[in-house]
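# A look at the structure
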Amino acid sequence: MDVTDILKAYSEDVDKEIREALSTLEPESLHDSSAHLFKAGGKKFRPALTVLSCQAVGGDTDKALKTAASLELIHTFSLIHDDLMDNDDTRRGMPAVHKKWDDALAILAGDTLFAKAYETIIKTADENIPYERVIDALRVLVDSCIKICEGQALDMAFEDTFEVTKDEYMNMIYKKTGALITGATTAGAIIGGANSLQIEALRIYGRKVGLAFQIQDDYIDLTGDESIGKPVGSDLVEGKKTLMVIYALEKANSEDHARLVELLEANDESIIPEAMDLLNKYGAITYARNVAYDCVIDAKSALAVLPDSDAKEALFKLADFVFTRKA
């Protein structure tokens, strides 16, 4: 089974859970704005990790679907609010929720998905899962949501400084991106009845995959195809403190350091070629790729405590996919 098949394997069942969760919403405007981004599809990466983590510890796939859906509801809530904060026009090739409706309804739609995620994971108890497991999985989801907000706040704070360290960056991306991926693997393991060693293994796997995921996102921004997303180099135009920028600023001589700061502050697309030259001069892009690769290796190594299974093999493939994906 290739990665596409792995990601599609449970998407229909997860979509069904999401539709059911949103089916009672009224008025129509709230229902439609809340459901909007789900119509565009998406990889369903986090739900796949949830279900596979449950399977990898011997759990029942069907009993993990509500938990998987709750992770996707939280992810989509965060996208709606991210688009609003960044004033982005599109998401997944469709108008952003705040553009199709308005800011107020986008806030309500995001808040609704946030609440529905908790309602959905609590309903896991209806699947004859011991209530203690449901509460433990709920704790994981709550912690992930808090970390997402912390990560977003840190990312915003980094906009006003060029003194961001690698450790600070890694902490920020773990919270902003990695925490929900960690939550997916950890909650899936808990619902599947994993022992403490297995839960910790899948927590480490999720954390490392989450870090690699965001570093790869930053890499794609500099090297990707404009036809599949935002313009290449937009992070440089926006002056974002990615791992590549942080490394180049750390290694650059005083003249290049000052020039790179000047370029990143310009907010002009014309700076992209020169900024890229400086990143390459100091090996920043190669460095970031190596960090992402090491994270993937660590993630796969963490799974050694799990018994061999198709689910474990699929988790290996998803870790590799995070490093090789182009979008």
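Anyway, here's the lowdown on the structure attached to this text.

Cut-offs and rules
The written sequence of each chain sets the order in which its residues are numbered from 1. A pLDDT threshold of at least 70 governs which residues receive local features in this predicted model, and a stricter bar of 80 or more applies before side-chain atom pairs are shown or counted, although totals over entire chains, interfaces and linings include all residues. With hydrogens and water excluded, all non-hydrogen atoms of the structure serve as input to the side-chain values. Salt bridges, as used here, are contacts in which a Lys or Arg side-chain nitrogen is within 4 Å of a carboxyl oxygen on Asp or Glu. Type-normalised accessible area, obtained with a 1.4 Å probe on protein chains alone, sets the label of each residue: buried when under 20%, exposed when over 50%, and partly exposed for intermediate values. Helix and strand labels come from DSSP, where a helix needs a run of H or I of at least four residues and a strand needs a run of E of at least two; each type is numbered from the N terminus. Every axis in this analysis is a line fitted to C-alpha atoms, fitted for helices over the stretch in contact. Angles between the N-to-C directions lie between 0 and 180 degrees. An angle counts as roughly parallel when it lies under 35 degrees, as roughly antiparallel when it exceeds 145, as roughly perpendicular when it falls between 65 and 115, and as oblique in every other case. Crossing handedness is defined as follows: a turn of the near helix away from the far one that is anticlockwise and smaller than a right angle gives a left-handed crossing, while the clockwise case is right-handed. Every residue pair with non-hydrogen atoms within 4.5 Å of one another is taken to be in contact. For this classification, Asp, Glu, Lys and Arg are treated as charged, while Ala, Val, Leu, Ile, Met, Phe, Trp, Tyr, Cys and Pro are nonpolar and the rest, including Gly, are polar.

Moving on: the pattern of salt bridges. Overall, the coordinates contain 21 salt bridges when judged by the stated rule. Put simply, R91 and D83 hold a salt bridge, and the shortest N to O gap is 2.7 Å. Owing to a relative accessible area of 23%, R91 belongs among the partly exposed residues under this scheme. The partner of D256 in a salt bridge is K281, with the nearest N and O atoms 2.6 Å apart. Placement of D256 in helix α13 (residues 254-266) and of K281 in helix α14 (residues 272-281) is noted, with a sequence separation of 25 residues between them. Under the relative-accessibility criterion, D256 is labelled buried at 10%. Using a relative accessible area of 54% as the deciding quantity, one classes K281 as exposed.

Where helix α4 (residues 45-56) meets helix α5 (residues 65-86), the axes come as close as 8 Å, and the angle between the chain directions of the two elements is 155°. For the element pair α4 / α5, the angle class is roughly antiparallel. For the pair α4 and α5, the crossing hand works out as right-handed. Contacts from R46, P47, T50 and V51 in α4 reach L65, T67, A68, L71, E72 and H75 in α5. Counted by class, the contact of α4 with α5 contains five nonpolar, three polar and two charged residues.

Before going further, it helps to spend a moment on unusual backbone geometry. It is generally the case that most residues other than glycine have a negative phi and that most peptide bonds are trans. In this chain, E26 is followed by P27 through a cis amide linkage whose omega measures 5°. On the secondary structure map, P27 appears in the loop between α2 (11-22) and α3 (28-35). Even without glycine at this site, N267 takes up a positive phi of about 55°. With respect to the helices and strands, N267 occurs in the loop between α13 and α14.

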